[in-house]
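So the chains spell out like this:
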Amino acid sequence: EQFICSTIELPWKENKSRISCIPEGRYELVKRYSLRFKWHLWVKETPGRFFILIHPFNDAVKESKGCIAAVTKHTGPGKGILSRMAFEKLNTWIFPVLERNEKVFITIKSV
C-alpha cells in the first residue's frame, strides 16, 4: 500500500447517483480513455453506481457528478488545489503498473 495523493469527492448522501460519494471500501482501478477526459482511471465495481472516474477537478460540489479527483492539497470539504498536477502524478505512477497487467486498488475512507 502506498500513498500517492489526496482525493476529493461529493459528501455522503446514501450513495445516490450523481449527488453522493461512493461507499468506503477498496476498489480496483482500470485505465480508460474518453474524448472528454482523455486517459484517466475508472473505479471498478462500485456498489449501486456506474462509471465512477478519477479525473481532475478542484470543487466536488460544483464540478463532480459522483466522480473522484486527485488533489495536491485539501482546502476544505470536497475542495482542493492543483488537481491536474496531482492527477498527472497519479497517472505517472499507476499507468505503467497497469500496463504490466498488474492490479491497482484505491482505498476510500473518510478522514
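See above for the structure.
Residues numbered from 1 in each chain as written. Predicted model: local features only at pLDDT ≥ 70, side-chain atom pairs only at ≥ 80, totals over all residues. Heavy atoms only, no water.

Next up on the list: the overall build of the chain. Along the chain, the regular secondary structure elements total 2 helices and 8 strands. Counting from the amino terminus, helix and strand elements in the chain follow one another as β-β-β-β-α-β-β-β-α-β. Along the first, second and third principal axes, the C-alpha atoms of the chain reach 35 × 30 × 30 Å. Here the chain holds 111 residues, and the buried ones make up 43% of them. Pairs at least 24 apart in sequence give 50% of the contacts found in the chain among residues at least 6 apart. As presented, the chain carries roughly 7,200 Å² of accessible surface, and 55% of it is formed by carbon and sulfur atoms. For the chain, the distance from the average site of its 19 positive side-chain charges to the average site of its 11 negative ones is 5 Å. (Helix = DSSP H or I, 4+ residues; strand = E, 2+ residues; numbered from the N terminus. Buried < 20%, exposed > 50% of the residue type's maximum accessible area, 1.4 Å probe, protein only. Contact = heavy atoms within 4.5 Å. Areas by Shrake-Rupley, 256 points an atom, 1.4 Å probe, with all protein chains shown as cover. Lys, Arg positive; Asp, Glu negative; His and termini not counted. Charge placed at Lys NZ, Arg CZ, Asp CG, Glu CD.)

Turning our eyes to something else, we now look at the environment of A60. Structurally, A60 can be placed in helix 1 (residues 60-63). Taking the C-alpha atoms as reference points, A60 and I19, separated by 41 residues in sequence, lie 9.7 Å from one another. Once residues within four sequence positions are removed from consideration, A60 is found in contact with I8, E9, L10 and G78.

Strand order in the open sheet formed by 4 strands is 4-3-2-8, and the pairing between neighbours is antiparallel. Two strands in the sheet have a free side with no partner beyond their single neighbour: strand 4 (52-54) and strand 8 (104-108). In this sheet, neighbouring strand axes are inclined to one another by 45° on average, regardless of whether the strands run parallel or antiparallel. The sheet contact formed by strand 2 (residues 25-34) and strand 3 (residues 38-43) spans 6 bridges and is antiparallel. Looking at strand 3, one finds that S34 is bridged to K38. (Pairing = 2+ DSSP bridges. Axes fitted to C-alpha atoms, helices over the stretch in contact; angles between N-to-C directions.)

Within this model, the largest pocket holds a volume of roughly 1,200 Å³. Along the walls of the largest pocket sit 38 residues, with T7, I106, T107, I108 and K109 positioned nearest its centre. Among the secondary structure elements, those contributing two or more residues to the lining of the largest pocket are strand 1 (6-8), strand 2, helix 1, strand 6 (73-76), helix 2 (83-99) and strand 8. Element by element, the count of residues in the lining of the largest pocket is highest for strand 8, at 5 residues. (1 Å grid on protein atoms, 1.4 Å probe; cavity = no way out; pocket = protein on both sides within 12 Å on 5 of 7 lines; lining within 4 Å. Points joined across faces, edges and corners; volume = space filled by probe spheres on them.)

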